[in-house]
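The lines below spell out each chain.
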Amino acid sequence: MAPGEKIKAKIKKNLPVTGPQAPTIKELMRWYCLNTNTHGCRRIVVSRGRLRRLLWVLFTLTAVALIFWQCALLISSFYTVSVSIKVHFQKLDFPAVTICNINPYKYSAVRDLLADLEQETRTALKNLYGFPENKSRKRREAESWTSAWEGTRPKFLKLVPLLAFSQDETSKARDFLTGQKRKVSGSIIHKASDVMHVHESKEVVGFQLCSNDTSKCAVYTFSSGVNAIQEWYKLHYMNIMAQVPLEKKINMSYSAEELLVTCFFDGMSCDARNFTLFHHPMYGNCYTFNNRENETILSTSMGGSEYGLQVILYINEEEYNPFLVSSTGAKVIVHRQDEYPFIEDIGTEIETAMATSIGMHLTESFKLSEPYSQCTEDGSDVPISNIYNAAYSLQICLHSCFQTKMVEKCGCAQYSQPLPPAANYCNYQQHPNWMYCYYQLHQAFVREELGCQSVCREACSFKEWTLTTSLAQWPSEVSEKWLLPVLTWDQGQQIKKKLNKTDLAKLLIFYKDLNQRSIMESPANSIEMLLSNFGGQLGLWMSCSVVCVIEIIEVFFIDSFSIIARRQWHKAKEWWARRHAPPGPQGQDNLGLDIDDDLPTFTSALRLPPAPGTEVPGTPPPRYNTLRLERAFSGQLTDTQMPAES
């Protein structure tokens, strides 16, 4: 290195350098505290007195601890994915209303199809309970069940035998058909409730289902003979109706003109043309008011019973199937226009000879999807195919999942639900084992072994109508004398009989008020709010801004790392130089001759120690004669003299 460059390096090394180029962390921190915008750090350096400096150190460290604590709380709150709920009210449209008769098909239309099944049911009742046939109705008095039974061989009781079990002896049961005891094999599944037992019965009734390919059997018992016989009858009923074409079933059920006697909506008259046919496998022809197939969705002008839907329904109790349904009336369900009406699950029953008033209050919910909840927007991300021609819902997903599993395990579809693509309904002829398979699959579904409950998710947006029901006797005794004849005259072409009050039911559906309660979720924490909270905490406790935070990052991380890295690099460089330096001649060093090659500066020269063994010469006294004032020249120069005047 040239002598000039060595001098510059020496000067640079000894000059007081500050800022990011400071040689040590201590000098860097001192420079930061003197130049930063955070007042606490500056006061630590510039304050006079140890007590003040100690107090400022405590205040600053406390503020930093509070910042870290508050920021940790903010981050924890941010990652808890919590939501906030907003509720507001607004006016709304009238929902879709689906009405079904509890009896799906007119008995006179399906009597020929169910004749053998009903005869075997009556015979089993007679053998078990010993009571004769009850022929209270005229249409059943004209029928001779005994003649229809003669010469025929029972097939339903043989296929699925009805059995009576004793509580003390479950390995044997009494057959309803023969009245004799027989051995029973297979697992026994009791369908009674495990939570509540009203009374202990000595004898239970059930039926046995077996798989034809294997020897596996299962016996399903019920605490009441009524439930056992209705369940047994329903199984055979579904098997028979599954083989009937849809068009024929529609003709066997009630038409809109037969079911709807009168109709009013929002004070205006309406009729069957305002209702859309919807055929349900277990409830026959149902009719939907204000359906999505209509061009416009109706709305009411005001709340109250006078501005809702008012209909009078013709129930026609004489056409009821005695074993399929045990009550009379109709079922109604309120739902969205694009929603499937699960009338069998959440329908509200309407009594005959009564006026049923249903006040509605709508609540609309909007939930946030992942990561705030596991809901789905439209079901597209759920691995279950929607077999319903309706919008996605949790109930649709569960029914679709069970029906799909039914087709996979049993080879056919259950009758009470829609058909999946390329599938057929179960029946004896094509699927002899479907009953046993269906009950086993249903038990697995209830125990959540099919995986449907874990796969199906709730919809993120849904509407829920809260219903308030009240009843009143209708018509009254004083008004039925004129009301029933007028209704009979109005419906003379459709109903060729005199109407009775037990054949009619009145229904009123209305909004209690025209306000809609909406529940909307929104993120309680967002990136913007998190940054805002961070800024608030830094400004409150440290009077910091974004620039100050950047300054802290630059000094405490970037510059500190640079200083440490530079020092380590110099150490490594010196170690490498010492390792590869050529060995020099060894001898005794003369400390007096150990002089730096570079010329010292004024500052460094003052810091040099004196050479050992050397004496500093003393200063001699001054010569006082040198202090006299003498003329600089003893005589005047010749060339400067003036010539003499003559």
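Residues numbered from 1 in each chain as written. Predicted model: local features only at pLDDT ≥ 70, side-chain atom pairs only at ≥ 80, totals over all residues. Heavy atoms only, no water.

The name given to the protein chain in an unreviewed UniProt entry is Epithelial sodium channel subunit gamma, and the organism recorded there is Lynx canadensis. The UniProt entry for the protein chain carries the following text under Catalytic activity (unreviewed entry): "Na(+)(in) = Na(+)(out)". Taken from UniProt, the Subcellular location (unreviewed entry) comment for the protein chain reads in full: "Apical cell membrane". (UniProt positions renumbered as here; feature names shortened; annotations may be inferred.)

Applying the stated criterion across every chain, the model contains 16 aromatic pairs. Ring centres of F94 and F289 lie 6.4 Å apart, and the angle between their planes is 80°; this geometry places the pair in the edge-to-face category. Of this pair, F94 sits in the loop between β1 (83–90) and β2 (96–101) while F289 is found in strand β12 (residues 284–289), placing the two residues 195 residues apart along the sequence. The burial state of F94 is the same as that of F289; both residues are buried. Both rings, one in F342 and one in Y388, keep their centres 5.5 Å apart while their planes meet at 55°; by these two values the pair is tilted. In this pair, F342 sits in the loop between β14 (330–335) and α13 (343–346) while Y388 sits in the loop between β16 (354–366) and α14 (394–410), placing the two residues 46 residues apart along the sequence. The pair formed by F342 and Y388 is uniform in burial state, with each residue classed as buried. Through a chain of ring-to-ring contacts, the aromatic side chains of F94, F265, F275, F289 and Y511 assemble into a single cluster. (Phe/Tyr/Trp six-rings, centres within 6.5 Å; stacked < 30°, edge-to-face > 60°. Helix = DSSP H or I, 4+ residues; strand = E, 2+ residues; numbered from the N terminus. Buried < 20%, exposed > 50% of the residue type's maximum accessible area, 1.4 Å probe, protein only.)

Any two packed helices are characterised by how steeply their axes cross, that is the angle between the axes, and by the distance between the axes. Relative to each other, α14 and helix α15 (residues 434–446) sit at 135°, their axes nearing to 10 Å. As summarised for this structure, α14 and α15 are arranged oblique, according to the angle between their axes. For the crossing formed where α14 meets α15, the hand is right-handed. Taken together, the residues of α15 that come into contact with α14 (itself represented by L398, F402, K405, M406, K409 and C410) are W434, C437, Y438, L441, H442 and F445. By residue class, the composition of the contact of α14 with α15 is 9 nonpolar, 1 polar and 2 charged. (Axes fitted to C-alpha atoms, helices over the stretch in contact; angles between N-to-C directions. Parallel < 35°, antiparallel > 145°, perpendicular 65-115°, else oblique. Left-handed = near helix turned anticlockwise from the far one by under 90°. Contact = heavy atoms within 4.5 Å. Nonpolar A, V, L, I, M, F, W, Y, C, P; charged D, E, K, R; others polar.)

Once that is clear, we can look at the environment of S301. When you line up the elements, S301 lands in the loop between β12 and β13 (309–314). A relative accessible area of 47% places S301 in the partly exposed class. For the pair formed by S301 and L514, sequence separation is 213 residues and the distance between their alpha carbons is 8.6 Å. Among all residues touching S301, those that are not within four sequence positions of it are D266, Y307 and L514.

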